[in-house]
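Secondary and tertiary structure notes
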Amino acid sequence: MATAFSFAQALLFSKTSLSLRTNGLKSFSFCLPFSSSSAALSFDKPHSKKWKQPVASVLEIGGVKISKDDVLRDDPTNNVPDTIFAKLGMQLHRRDHHPLGILKNAIYEYFDTNYSNKFDKFDDLCPLVSVKENFDDVLVPADHVSRSYNDTYYVDSQTVLRCHTSAHQAELLRRGHTHFLVTGDVYRRDSIDSTHYPVFHQMEGVRVFSPEDWAPGTDATCYVAEDLKKCLEGLARHLFGAVEMRWVDTYFPFTNPSFELEIFFQEKWLEVLGCGVTEQEILKRSGKTDNVAWAFGLGLERLAMVLFDIPDIRLFWSTDERFTSQFLKGQLGVKFKPYSKYPPCYKDVSFWISESFTENNLCEVVREVAGDLAEEVQLIDNFTNKKGMTSHCYRIAYRSMERSLTDEEINKLQSTVRELVESKLKVVLR
Ligand code: FA5
Ligand code: MG
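In this report, the structure presented in the accompanying data block is examined.

Thresholds applied
Residues numbered from 1 in each chain as written. Chains lettered and ligands numbered in written order. Predicted model: local features only at pLDDT ≥ 70, side-chain atom pairs only at ≥ 80, totals over all residues. Heavy atoms only, no water. Helix = DSSP H or I, 4+ residues; strand = E, 2+ residues; numbered from the N terminus. Buried < 20%, exposed > 50% of the residue type's maximum accessible area, 1.4 Å probe, protein only. Contact = heavy atoms within 4.5 Å. Areas by Shrake-Rupley, 256 points an atom, 1.4 Å probe, with all protein chains shown as cover. Core = buried A, V, L, I, M, F, W, Y, C linked by side-chain atoms within 4.5 Å. Pairing = 2+ DSSP bridges. Axes fitted to C-alpha atoms, helices over the stretch in contact; angles between N-to-C directions. Salt bridge = Lys/Arg side-chain N within 4 Å of Asp/Glu carboxyl O. Parallel < 35°, antiparallel > 145°, perpendicular 65-115°, else oblique. Left-handed = near helix turned anticlockwise from the far one by under 90°. Nonpolar A, V, L, I, M, F, W, Y, C, P; charged D, E, K, R; others polar. Phe/Tyr/Trp six-rings, centres within 6.5 Å; stacked < 30°, edge-to-face > 60°. Lys NZ or Arg CZ within 6 Å of the ring centre and 35° of its normal. Polar contact = N/O pair within 3.5 Å; in protein donor to acceptor, adjacent residues only side chain to side chain. Expected span 1.5 Å × (residues − 1).

When helices and strands are tallied, the chain shows 13 helices and 17 strands. Counting all 430 residues of the chain, 55% fall into the buried class. Across the chain, the fraction of contacts at a sequence separation of at least 24, relative to all contacts at a separation of at least 6, is 69%. For the chain, the exposed surface amounts to about 18400 Å²; the carbon and sulfur share of it is 50%.

Quick look at the structure:
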């Protein structure tokens with residue numbers, strides 16, 4: 001199991017992000033247009049799903065009825081698996097006894113107290129949004145990596161499962177809201193380890209200022225940036241008490257300047273949120289030409305893992321009473337007591353990759369087969385032979401949070417993984 005140390009380290013190097021560090025950790029130079037993610041586009045949808053759990057076929061989220069057929073389509077522009085549909089409508093952040101719900105309420109309390117209930121709160125906006133809402137409305141460039149089929153779940157070419165709560169910013173601004181918080185589940189195709197899960201939760205905050213808010217002659221952007229930092233430092237103190245924190249300059253398409261807040265936790269700097277001064281173009285499009293605004297997006301799991309000492313992100317989805325009974329409404333920061341630790345089982349798979357191979361596609365196959373029994377997928381060997389063929393060897397860690405796994409079931413899972421890796425990812429097993 002990952003220690004808190006490696007947890008923090010993993011978070012700092014999280015791959016899928018809407019941000020771009022100015023220190024060069026991430027850069028547009030590796031942003032791929034859709035055409036180069038043909039791997040994901042040609043990623044066949046699984047149809048013989050004998051290992052799948054049955055899931056409810058019609059959901060209602062925020063007054064919107066969503067049927068399974070609306071989300072899982074037999075269409076080449078659809079890359080949503082059953083396992084993701086099963087998470088829609090779970091709304092962990094709306095459960096008062098769940099760590100994410102307890103955290104959401106503690107953040108609400110901070111804003112209500114410090115801003116006299118001025119912030120409007122939304123926590124059941126439908127996670128199915130248009131490409132326009134998710135990307136265009138917040139000025140994400142056409143070739144940004146986050147738009148690729150490899151990173152985002154597409155229902156069809158114009159509809160996605162939101163990959164951030166910023167997808168709701170523009171619409172709420174257009175509707176006239178000037179102070180708001182949006183909490184919701186967000187979806188990203190991603191790697192597998194103790195801190196990455198294809199569904200996690202974010203809270204977006206937006207505050208719009210009018211010219212009378214800043215003194216004449218002062219720089220409005222500086223004033224708003226300072227206010228934003230003060231607000232979020234106060235929130236961090238409200239949640240964590242006295243903590244060491246630092247601001248890191250970064251890049252987001254929708255804010256300028258942009259920052260990330262890091263908290264020093266168990267010997268490492270941990271990125272907990274992204275934020276900045278809203279791009280003027282976004283305000284202009286919502287009819288607010290004289291205003292300036294700030295916005296932030298924070299990761300609820302990251303904060304909750306620290307606050308409650310939760311070592312593995314899969315635990316948030318556990319229905320095991322030994323997990324759920326440890327958290328109570330209003331009790332922030334109760335430390336999670338691990339009930340038991342079952343041994344992991346490691347299996348390796350090696351293959352010659354094809355041009356279209358991506359690690360996210362491999363992880364998707366592993367999750368399709370093993371679900372939450374997949375704890376980690378790690379590249380352990382990588383070489384290119386004289387003929388220019390590249391071989392990858394991945395180690396898959398299988399572990400249940402709730403019970404010991406038998407050799408027989410692991411072998412079955414691994415054999416299915418091997419079959420599907422070969423047939424779906426067009427690689428050659430070694
Ligand atoms: C965004 O999603 C921006 N929309 C945030 C934002 C909003 C910036 C408004 C400016 C203004 P990013 O991809 O960095 O940015 O994610 C924001 C936060 O979500 C991260 O700081 C982290 O706390 C959390 N997060 C991101 N990826 C993951 C992941 N794979 N698993 C768990 N939490 C994650
Ligand atoms: Mg980030």
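Next up on the list: the nonpolar core. Judged by nonpolar contacts, the single largest core of 70 residues is most densely connected at Ile107, Phe111, Leu239, Trp294, Leu298, Ile310 and Phe316. It is helix H8 (residues 220-240) that contributes the most residues to this core, ten residues altogether. Look past the residues within four positions of Ile310 in its chain and what remains in contact with it is Pro99, Ala304, Met305, Leu315, Phe316, Phe323, Phe327 and Phe336.

This part covers the sheet that holds strand E17 (residues 428-429). The strand order across the open sheet formed by four strands is E15-E16-E14-E17, and the pairing between neighbours is antiparallel. The open sheet has two edge strands, strand E15 (374-384) and E17, and neither has a second partner. The sheet strands contacting helix H12 (residues 359-370) are strand E14 (345-352), E15 and strand E16 (390-398), and the helix crosses E15 at an angle near 140°. Against the sheet, helix H13 (residues 407-425) touches E14, E16 and E17, its axis set at about 20° to E14.

Let us now look at the pattern of salt bridges. Summed over the entire model, instances satisfying the criterion amount to 25 salt bridges. The salt bridge involving Glu171 is made with Arg175; its shortest N-O contact spans 3.3 Å. Judged by relative accessible area, which is 30%, Glu171 ranks as partly exposed. What emerges from the salt-bridge pattern is a single network uniting Lys132, Asp137, Glu171, Arg174 and Arg175.

To continue, consider the packing of helix H5 (residues 99-114) against H8. Following both chains from N to C, one finds H5 and H8 inclined at 130°, their axes separated by 10 Å at the closest point. Between H5 and H8, the interaxial angle falls into the category oblique. Crossing of H5 over H8 shows right-handed handedness. Contacts between H5 and H8 involve Leu103, Ala106, Ile107, Glu109, Tyr110 and Phe111 on the former and, on the latter, Lys230, Cys231, Gly234, Leu235, His238 and Leu239. When grouped by side-chain class, the residues that make up the contact of H5 with H8 number eight nonpolar, two polar and two charged.

Applying the stated criterion across every chain, the model contains 22 aromatic pairs. Both rings, one in Tyr149 and one in Tyr154, keep their centres 4.3 Å apart while their planes meet at 5°; by these two values the pair is stacked. Assessed through its relative accessible area of 1%, Tyr154 is described here as buried. Here the aromatic cluster, defined as three or more aromatic residues joined through ring pairs, consists of Tyr110, Phe111, Tyr115, Phe119, Trp294 and Phe296. In this arrangement the basic side chain of Lys229 is found over the ring face of Phe259, its NZ or CZ atom lying 4.1 Å from the centre.

What follows is about the environment of Trp294. Mapped onto the elements of the fold, Trp294 is located in strand E13 (residues 292-299). Separated by 18 residues in sequence, Trp294 and Gly276 place their C-alpha atoms 5.7 Å apart. For Trp294, the side chain forms a polar contact with the side chain of Asp227, separated by 2.8 Å.

Because an α-helix packs 3.6 residues into every turn, residues spaced three or four apart end up facing the same way. Taking 1.5 Å per residue as the helical rise, H8 with its 21 residues ought to reach 30 Å, and the 30 Å between its terminal C-alpha atoms agrees with that figure. Looking only at H8, the buried set comprises Ala220, Val224, Ala225, Asp227, Leu228, Cys231, Leu232, Gly234, Leu235, Ala236, Leu239 and Phe240. With a side-chain oxygen positioned 3.0 Å from the backbone nitrogen of Thr221, the residue opening H8 is Asp219. Just downstream of H8 lies Gly241, where phi reads positive at about 80°.

On to the sheet that holds strand E6 (residues 154-156), then. Reading across from one edge, E5-E7-E6 is the order of the three strands in this open sheet, with antiparallel pairing throughout. At either end of the open sheet lies a strand with only one pairing partner, and these are strand E5 (128-130) and E6. Here the average twist between neighbouring strands, direction ignored, is 35°. As paired elements, E6 and strand E7 (residues 159-161) share two bridges and run antiparallel to each other. In the sheet register, Asp156 faces E7, and the bridge partner there is Thr159.

To continue, consider the pairing of strand E11 (residues 255-265). Taking burial as the measure, the eleven residues of E11 include eight buried ones, the bulk of the element. Inspection of the sheet shows strand E10 (residues 245-252) paired to E11 by seven bridges, in the antiparallel sense. Opposite Thr250, over in E11, you have Ser258 as the bridge partner. Here E10 folds back onto E11, and the loop between the two strands holds two residues.

None of the figures reported here should be taken as evidence of function without further support.
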